[in-house]
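What the coordinates show
Chain residues, written in single-letter form:
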Amino acid sequence: MLLAYPFRVLVPRRAAPEAATSMAVALLLLAGAADLVPTSVVIALAAGAGATLAGLRLSLLASRRDTDPTPRAAGVLLDAAVVAAGLTAVVLPLTDIWHTLAMLIGTLVVAALSTAGLHRLPGHSRPAASVRLRRLVESTGPAVGLALAGWLLLPTDGLRVPVRLGAALTLGGLGMAALNAFAGPRRRSGAAVCRGGVLLTLGGLVLLATLPSAPAGRVALLAVPPLVFGMLLVAVGAADAVNDAEPAEPARPAEPAEPAEPVAAAWPRTVLPAAVLLLASGLHLGAGRAPDRTSVLLALAAVPPLVLRELLRAGDAPTSGRRAAHRRPTGRSLRHRRATPARWPATPGPPPERGPGAPVGAATAIAAGSTWSPDHGSAWSGLDRRPPATSGTPGDRAALLDALAAIGDVPVPAGALLLVDLHGTEGIGPTAREDVLAEAVHRVRAVIAADDLVTGCTGTGFAVVTAVGPVLAYALGTRLLSALSPPYRLTGAMLRVQTSIGLAEVSGAGPADVLRQAELARRRAVQLGRDRVEWYDAFLEEQLVRRLDLERELPGAVARGELDLVYQPVVDLADGQPVGAEALLRWRSPVLGTVLPAELLPVAEDLDLVGELEWWVLDRACRQLSNWSVGVRELWMAVNVTTRELTTPDFVQRLAAVLAAYGVPPERLVVEVSEPRVAGDLPTVVARLAGLRSLGVRTALDDFRAEHASLAQLRRLPIDLLKVGPELVGARPDGQPPLIDVVVNVGERLGVELVAEELESSTQVEVARRGGCRYGQGFALARPATAERVEAYFEEFPSASR
């Protein structure tokens, strides 16, 4: 972690010298660990390099005239702290007298200078005393766990118990404080990076003060990563804090709270201490050392703060909503009005009773206090890195953002936003859609709590803001699904709709970010089939952003010449001779790198680009096959096509034209189709495959599953080759014979030859051969490669043929 984090911070911030220094320090550490360079030399060189570079950057910051004097003073103090840290690490270890005392004095000097510099740094804030106390409770348990890990890992020989315990407690506190800076709610700010760098630097100095007195030589190298990387992060963070600030930004007053972050963002502060403690315990026990009294006491000391933390969290849910209600902005109340021609008041809580037979529509909406309008569209038409304004609902979206801000603006923020979208109302007309949405709002109000807010945000859905925590909010989402799933009664008909719900925690981000996160989660729920609740996390956002990048870059990839083919040989398992190859598509995007078909094809299907891609593959594969058909080799080429393209009316005629253009004998081409997809239009697939066979082209069924329906379907399909995976070749967990025996028997009766694919070991190859598979394909036989390399592979088998 210590080696990886600086690159995550330095490279995106274009701190190239610091990144290069980090790499050099890593190489020095490897040399020291291999005993190629003395430990003292490694420490001196690494600390000197880090202090020099960081000091130079901070000196430039202190000498700037375009900033306020306070940030320049911060640069001076932090520069002095970095220099003091470098001198403490390089010079003081050379003294044999009062070594530990001198190191501790140097560490205290660095701490004093750093603290003074951090207080003058732009972006520094001092929360209220109650918030600081809460953070102390939250961090004490993990900090004690880190202290216990330090106690177990620090060498026992040559270290007195008080020194070892003091070092362990100090390292535990510094480590937890650094985690709070690097993984806290303001972790992306320059001030947080600088503060974390200071804490790492102090941790490195504490290790240097402790470890050299022990006889375990190279163990002192453990102090180098936090020391050097900490100094570099101090410089980079300070520069970012000053650059991001206004030219004359006043000192920030005490803040009542710092927003807490979602569970997905806060996990390092809980998981990493536990992982370090688990590793330390394993190493301690693995060395044959039993737990001592101090270890037991430290372990017990971690329990009370953890219990207190959970008690405080349990009390957050019922109180956060009340605190939010008292702190709502006066300019816009949560009980806002919708910006529509008829302004309908929104009242939180359950709806009033409806009389029997009461109509569902505008009148009911007024009575129930629904906040929706019959406008169309989604929260925003395209997903961007920032949420643009909601078309047609500016006032309503502003009120929703106010509600989110009110819940997040409390000392201990908690709450969640659920974006609810209804699918299936597009073709029923505006009046009927009003009726459905009004009934949906009525059902929602019967489920949510009295303090929850429901408000319109799209033409086909609405938002629910609740003050409960994420787990209870997810449970609320499942209840909303159940409430919205029954059919809706329209005039003379019943309408069934599907529901997609995206959930995001209110704490830890600004209102606009929370809305964006909930929309990302809602889109994920739509992609996964609807009628589900999806919870936002950072990985989800990465997936969706990646998907958007693919959708943006894929159109025009053929024209730009970005597509490529690689070829994987197919081998006769009886004699090991290659008989052909399969063409595999690769997209060499200059922006996204190499994209494989598993990621590429779903996007191409959504963009209606599959036909363009597949005909490019067929054309390029046939051209390559014409080159391989020269001479005595009679190799065949397999190409995958989708059932969507195979079932087009002119597929056989177009393929015949491509074969004729390159002079390729039809029997040298194998068209593969995936077995799970043929059932959707089986009669047309059968007709096209028969047309290909009449042309002379061989056909293959890929991804065969050997289920009952698959075996019955196999008898109807005119195919020549059947491709099976390793799961059919190996023994089954229940001890029954492999399914390959059944498939081979069916294949023999139908005159179909078997190809075992995805063979990754020699054992799988042998099992496939003994099982009756004639051909094999996989990494154990030959890996996919360019045409030139596959051509060289074929040259090793001059008698390669069909």
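Residues numbered from 1 in each chain as written. Predicted model: local features only at pLDDT ≥ 70, side-chain atom pairs only at ≥ 80, totals over all residues. Heavy atoms only, no water.

**Topic: the overall build of the chain**
- Tallying secondary structure elements over the chain gives 31 helices and 16 strands in all.
- Counting over 802 residues, the chain shows a buried share of 50%.
- With the model as given, the accessible surface of the chain reaches about 36,100 Å², and the carbon-plus-sulfur share is 60%. (Helix = DSSP H or I, 4+ residues; strand = E, 2+ residues; numbered from the N terminus. Buried < 20%, exposed > 50% of the residue type's maximum accessible area, 1.4 Å probe, protein only. Areas by Shrake-Rupley, 256 points an atom, 1.4 Å probe, with all protein chains shown as cover.)

**Regarding helix H29 (residues 740-750)**
- All of the buried residues in H29 are Ile 740, Val 743, Val 744, Val 746 and Gly 747. Down the axis, H29 shows its buried residues gathered within 165° of arc, on one side only. For H29, the exposed residues lying more than 90 degrees away from the buried face are Glu 748 and Arg 749.
- Downstream of H29 by one or two residues, Gly 751 has phi in the positive range, about 75°. (Arc of directions from axis to C-beta.)

**Thoughts on the packing of aromatic side chains**
- The full count for this structure, using the stated rule, is seven aromatic pairs.
- Residues Tyr 474 and Trp 535 carry aromatic rings whose centres are separated by 6.0 Å and whose planes lie at 25° to one another, so their mutual orientation is stacked. One end of the pair, Tyr 474, is in helix H18 (residues 470-484); the other, Trp 535, is in strand E7 (residues 532-535), and 61 residues separate them in sequence.
- We classify Trp 535 as partly exposed; its relative accessible area is 31%.
- Taken together, a centroid distance of 5.3 Å and an interplanar angle of 45° make the contact between Trp 615 and Phe 651 tilted. A residue pair is termed long-range when its members are at least 10 positions apart, and Trp 615 in helix H22 (residues 610-628) and Phe 651 in helix H24 (residues 651-662) qualify at 36 residues. Exposure class is identical for Trp 615 and Phe 651. Each is buried. (Phe/Tyr/Trp six-rings, centres within 6.5 Å; stacked < 30°, edge-to-face > 60°.)

**Section: the packing of helix H17 (residues 430-445) against H18**
- For the pair H17 and H18, the least separation of the axes is 9 Å and the interaxial angle reads 135°. Here H17 is positioned oblique relative to H18, judged by the angle of their axes. Crossing angle aside, the handedness with which H17 passes H18 is right-handed. Of the residues in H18, those in contact with Ala 440, Arg 443 and Val 444 of H17 are Leu 480, Ala 483 and Leu 484.
- Taken together, the residues that form the contact of H17 with H18 break down as five nonpolar, no polar and one charged. (Axes fitted to C-alpha atoms, helices over the stretch in contact; angles between N-to-C directions. Parallel < 35°, antiparallel > 145°, perpendicular 65-115°, else oblique. Left-handed = near helix turned anticlockwise from the far one by under 90°. Contact = heavy atoms within 4.5 Å. Nonpolar A, V, L, I, M, F, W, Y, C, P; charged D, E, K, R; others polar.)

**Description of the pattern of salt bridges**
- Scanning the model with the defined rule gives 21 salt bridges in all.
- Across the pair Lys 723 and Glu 582 runs a salt bridge, and its minimum N-O distance is 3.1 Å. In this pair, Lys 723 is assigned in strand E14 (residues 721-724) and Glu 582 in strand E9 (residues 578-589), connecting sequence segments 141 residues apart.
- Judged by its relative accessible area of 5%, Glu 582 falls in the buried class.
- Beyond isolated ion pairs, a larger network of salt bridges with shared partners links Glu 582, Glu 672, Lys 723 and Glu 757. (Salt bridge = Lys/Arg side-chain N within 4 Å of Asp/Glu carboxyl O.)

**Quick notes on a negative patch on the surface**
- Together, Asp 703, Glu 727, Glu 758 and Glu 760 line one region of the surface with negative charge.
- On the accessibility criterion, Glu 760 (59% relative accessible area) is exposed. (Patch = residues over 30% accessible without salt bridge, like charges linked within 9 Å, V, L, I, M, F, W, Y side chains within 5 Å. Lys, Arg positive; Asp, Glu negative; His and termini not counted. Charge placed at Lys NZ, Arg CZ, Asp CG, Glu CD.)

**So, the nonpolar core**
- Core analysis: the largest hydrophobic core is formed by 77 residues, its most contacted members being Leu 655 and Leu 722.
- No other element matches the 10 residues that H22 contributes to this core.
- When residues no more than four places from it in sequence are discounted, the contact partners of Leu 655 are Trp 615, Leu 618, Leu 669, Val 671, Leu 692 and Val 697. (Core = buried A, V, L, I, M, F, W, Y, C linked by side-chain atoms within 4.5 Å.)

**Digging into a nonpolar patch on the surface**
- Together, Val 303, Val 307, Leu 308 and Leu 311 give the surface a local cluster of nonpolar side chains, amounting to about 350 Å² of exposed area.
- Among the structural elements, Val 307 can be located in helix H13 (residues 303-314).

**Some thoughts on the confidence of the model for the chain**
- Model confidence for the chain is summarised by a mean pLDDT of 76, while 74% of its residues fall at 70 or above.
- Scored below 50 in pLDDT, residues 246-265 shows 48 contacts in the model against residues more than four places distant or in partner chains. (pLDDT = per-residue confidence, 0-100.)

**Overview of the packing of helix H19 (residues 511-527) against helix H20 (residues 538-553)**
- The N-to-C vectors of H19 and H20 enclose an angle of 70°; their axes lie 10 Å apart at closest approach. The orientation of H19 relative to H20 falls into the category roughly perpendicular. Along the contact surface, H19 presents Arg 516, Leu 520, Ala 521, Arg 523, Arg 524 and Gln 527, while H20 presents Leu 540, Glu 541, Gln 543, Leu 544, Arg 547 and Leu 548.
- In the contact of H19 with H20, the residues fall into five nonpolar, two polar and five charged.

**Topic: the pairing of strand E15 (residues 753-756)**
- As judged from the four bridges shared by E14 and E15, these two strands associate in the parallel manner. Directly across from Leu 721, in E15, lies its bridge partner Glu 753.
- In this sheet, strand E16 (residues 775-776) lies alongside E15 in parallel orientation, the contact comprising two bridges. Within E16, the residue paired with Val 755 across the bridge is Tyr 775.
- Each parallel crossover has a hand, and the one from E15 via helix H30 (residues 762-771) to E16 is right-handed. (Pairing = 2+ DSSP bridges. Right-handed = clockwise from strand over helix to strand, strands pointing away.)

**Details of the environment of Arg 715**
- Locating Arg 715 in the fold gives a position in the loop between helix H27 (708-714) and E14.
- Between the alpha carbons of Arg 715 and Val 746 there is a distance of 8.8 Å; along the sequence they are 31 residues apart.
- Setting aside residues up to four positions removed in sequence, Arg 715 forms contacts with Arg 749 and Leu 750.

**Overview of the side chain of Asp 396**
- Following the sequence through the fold, Asp 396 ends up in helix H16 (residues 394-408).
- At 2.9 Å, the side chain of Asp 396 and the side chain of Thr 455 are in polar contact. (Polar contact = N/O pair within 3.5 Å; in protein donor to acceptor, adjacent residues only side chain to side chain.)

**A look at unusual backbone geometry**
- Located in the positive-phi region is Arg 530, a residue other than glycine, with phi close to 70°.
- Here Arg 530 shows up in the loop between H19 and E7.
- Residue class for Arg 530 comes out partly exposed when judged on its relative accessible area of 32%.
- We note that Asp 531 has phi near 55°; this positive angle belongs to a residue other than glycine.

**What to know about the environment of Asp 741**
- With respect to the helices, strands and loops of the structure, Asp 741 is situated in helix H29.
- Remark: the alpha-carbon pair of Asp 741 and Gly 772, spanning 31 residues in sequence, is separated by 7.8 Å.

**So, the side chain of Asp 421**
- You can see Asp 421 is positioned in strand E1 (residues 416-423).
- A polar side-chain atom of Asp 421 sits 3.0 Å from a polar atom in the side chain of Arg 522.

**Section: the environment of Asp 703**
- Residue placement: Asp 703 occurs in strand E13 (residues 698-704).
- For Asp 703, the contacting residues outside a window of four places in its chain are Ser 674, Glu 675, Pro 676, Lys 723 and Glu 757.
- Here the side chain of Asp 703 touches Ser 674 through a polar contact of 3.0 Å, side chain to side chain.

**What about the pairing of strand E12 (residues 669-674)?**
- In terms of burial, E12 is largely enclosed, as five of its six residues are buried.
- In this sheet, E13 lies alongside E12 in parallel orientation, the contact comprising five bridges. The residue bridging Val 671 from the neighbouring strand is Thr 699, located in E13.

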